[in-house]
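# Working through the structure, step by step
Given next are the chains, with one letter for each unit.
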Amino acid sequence: MPLGSMDDREAFRLAEGLESLHVAIIMDGNGRWAKERGQIRTVGHKAGVDALKRTITAAAELGVTHMTVFAFSTENWRRPEAEVSDLMGLLRAFIKADLARLRREGVCVRIIGQEAGLPPDIVGMVADAHEQTRDNSRFFLQVALNYGAQADIVEAARVLAQQARDGLIDPEAITPESFGASLSTHGLPPLDLLIRTSGEHRLSNFLLWEAAYAEFVFQDILWPDYGRESLKQALDIFARRNRRFGAVDPGHAAQSA
Ligand code: IPE
Ligand code: IPE
Ligand code: MG
């Protein structure tokens, strides 16, 4: 079962007339950062939480309206039990220590991913985090926790197949829009920029559907060192990209007309 209800997702919208800038980040490199310092991996994850806090503040200041961060993948259960448990502990601590501040600062928080496998108290905290911040609209923070894009796509297919079997929808009427509306990321504007840190060049099952027309920026910096400067750098690269969405440049269109 996915975390959060479809109704909740409707609340995740920007005020009318405002232009959105949706940035997603695969926050990678915590383990290597710790290793470089001769520390255990959890030390890197701890520093990664501080980097996330810095980056949320910077993102809001730099004009980002929506941010989706990959906190824990469905594949991360393959890690040693102690590391997984430390990561869950850090999430608990983050919600406890920072939720009130995020709420005061106008941040709307929602957490997407699979409920199954997560400690029950975390499922409760996640629901509460959204409940407490759902009326905020200055900045939208979506945290992908126990998330895998393939599972999310399969879940959407299941929901639509069930609706078709129940005679509620006509399979012929399924469109990319209606399919996208059945994903857990429903209600967010299209993804503009996807960043991955630590020099890895892969998606690792993150936002496969949503990244269709996103720009990709890969940065060598390890996540715990991330902050305003690195985000600004990524946004500057993004600003210089030419997004064509399958069409031609307006200049070229004029030439060939
Ligand atoms: C990212 O850092 C954090 C999570 C996946 C939770 P890693 O823990 O993957 O760090 P590296 O890739 O081993 O350096
Ligand atoms: C992706 O990073 C998941 C998160 C950042 C939470 P991983 O470190 O788990 O990805 P792989 O294993 O290198 O592909
Ligand atoms: Mg990694």
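So, a few notes on the structure that sits alongside this text. Along each chain, residue indices are assigned from 1 in the same order as the chain's sequence is written. Chains and ligands are labelled by the order in which they are written, letters from A for the one and numbers from 1 for the other. Residues qualify for local features only when their pLDDT is at least 70, as the model is predicted, and side-chain atom pairs are given and counted only at 80 or more; totals for whole chains, interfaces and linings, by contrast, use all residues. The basis for every side-chain value is the complete set of heavy atoms in the structure, and neither hydrogens nor water enter the calculation.

Attention now moves to the sheet that holds strand E3 (residues 107-112). Read across the sheet, 6 strands follow the order E3-E4-E2-E1-E5-E6 without closing on themselves; strand pairing throughout is parallel. Looking at which strands have only one partner, the edges of the open sheet turn out to be E3 and strand E6 (215-218). Adjacent strand axes in the sheet meet at a mean angle of 20° when their direction is disregarded. Strands strand E2 (66-73), E3 and strand E4 (139-147) of the sheet are contacted by helix H4 (residues 81-104), whose axis makes an angle of about 155° with E3. Whether two residues are in contact is decided by their heavy atoms, any of which lying within 4.5 Å being enough. For every element, the axis is a line fit to its C-alpha atoms; helices are fit only across the contacting stretch, and the angle between N-to-C directions ranges from 0 to 180 degrees. Runs of E in the DSSP output that reach at least two residues are strands. Runs of H or I that reach at least four are helices, and both are numbered from the N terminus. Sitting on the sheet, helix H8 (residues 228-240) is in contact with strand E1 (22-26), strand E5 (193-196) and E6, with an inclination near 135° to E5. What makes two strands pair is DSSP finding at least two bridges between them.

With that out of the way, let us pick up the pairing of E6. Two faces belong to every sheet, and in a regular strand the side chains alternate between them. Of the two faces of E6, only one is covered, namely that formed by Glu215 and Val217; the face formed by Phe216 and Phe218 stays uncovered. Note that E5 and E6 share 4 bridges and pair parallel. Bridged to arginine 196 within E6 is phenylalanine 218. Relative accessibility decides the category of a residue: with a 1.4 Å probe and only protein chains considered, values under 20% of the type maximum give buried, values over 50% give exposed, and everything between is partly exposed.

The subject of this paragraph is the site of ligand 1. Near ligand 1 you find Met27, Asp28, Gly29, Asn30, Gly31, Arg32, Arg41, His45, Ala71, Asn76, Arg79 and Leu87, and these make up its full shell. A distance of 3.1 Å separates an oxygen atom of ligand 1 from a polar atom in the backbone of asparagine 30. We call two N or O atoms a polar contact when they sit within 3.5 Å, provided that within protein one can donate a hydrogen and the other can accept it, with sequence-adjacent residues counted only if both atoms are side-chain atoms. The contact in question runs from an oxygen atom of ligand 1 to an N or O atom on the side chain of arginine 32, over 2.7 Å. Among the secondary structure elements, those contributing two or more residues to the shell around ligand 1 are helix H2 (30-36) and helix H3 (41-61). Examining the composition of the shell around ligand 1, we find that 3 residues originate from one element, H2, more than from any other. For the shell around ligand 1, the residue count by class is 3 nonpolar, 5 polar and 4 charged. Consider each residue's heavy atoms; a residue with any of them within 4 Å of a molecule or strand counts as near. Each residue receives one of three labels: charged for Asp, Glu, Lys and Arg, nonpolar for Ala, Val, Leu, Ile, Met, Phe, Trp, Tyr, Cys and Pro, and polar for the others, Gly being one of them.

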